[in-house]
Amino acid sequence: MDAQSQRLRIVAENLANQNTTGSTPGADPYRRKTITFSEHIDQDTGASSVSVDKIGQDMSNFESRYDPSHPAADSKGYVKIANVDSMTEMMDMREAEQSYEANLNTMQSTRTMLSRTLDLLK
């Protein structure tokens, strides 16, 4: 659940900065952040968990838009725009929400089963 929460924060940051450009001519705009997970297995219980391995950057090329009046326009009048695609971010957000919800449902089911087991032992 913590990993999916972090993923949602990265998606939110990407969406918030999708229109961010450089401030000087030819400067790079905001670069989309990516998140990588890693699996950990508890040696005692055999349970696996997921955590954030690293937060990186999407190194895909920036697109350009013609806007000669913009302060970040190069000598030809083009401004580099962030490599954030809102549709990709929305899909990532939906997947993170679904994973979070599935984990929450699993935790609630486990808690219910443990409670019923304790009731049987009384």
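To be clear, the structure that these remarks concern was listed above.
Heads up: these notes are all about the structure in this document. (Residues numbered from 1 in each chain as written. Predicted model: local features only at pLDDT ≥ 70, side-chain atom pairs only at ≥ 80, totals over all residues. Heavy atoms only, no water.)

## Structural notes on the pattern of salt bridges
Phase 1: As enumerated under the stated definition, the model contains nine salt bridges in all.
Phase 2: With a shortest N-O distance of 3.7 Å, aspartate 92 and arginine 7 are connected by a salt bridge. Taken together, the residues aspartate 92 in helix H2 (residues 86-121) and arginine 7 in helix H1 (residues 2-16) connect sequence positions 85 residues apart. Both residues of the pair, aspartate 92 and arginine 7, count as buried.
Phase 3: Among the salt bridges present, the one from aspartate 92 reaches arginine 32, with a minimum N-O distance of 3.2 Å. Taken together, the positions of aspartate 92 in helix H2 and arginine 32 in the loop between H1 and strand S1 (33-41) put the pair 60 residues apart, joining distant regions of the chain.
Phase 4: Taken together, the salt bridges that share partners define one network made up of Arg7, Arg32, Asp58, Glu89, Asp92 and Glu95. (Salt bridge = Lys/Arg side-chain N within 4 Å of Asp/Glu carboxyl O. Helix = DSSP H or I, 4+ residues; strand = E, 2+ residues; numbered from the N terminus. Buried < 20%, exposed > 50% of the residue type's maximum accessible area, 1.4 Å probe, protein only.)

## Some points on the side chain of aspartate 58
Phase 1: Among the structural elements, aspartate 58 can be located in the loop between strand S2 (48-57) and strand S3 (63-66).
Phase 2: Residues in contact with aspartate 58, not counting those within four places in the same chain, are Arg31, Arg32, Thr34 and Asn83. (Contact = heavy atoms within 4.5 Å.)

## A word on the side chain of glutamate 89
Phase 1: Position of glutamate 89 relative to the elements: it lies in helix H2.
Phase 2: Residue classification places glutamate 89 among the buried positions, given a relative accessible area of 0%.
Phase 3: For glutamate 89, the residues in contact, after removing those within four places along its chain, are Val11, Asn14, Leu15, Arg32 and Val84.

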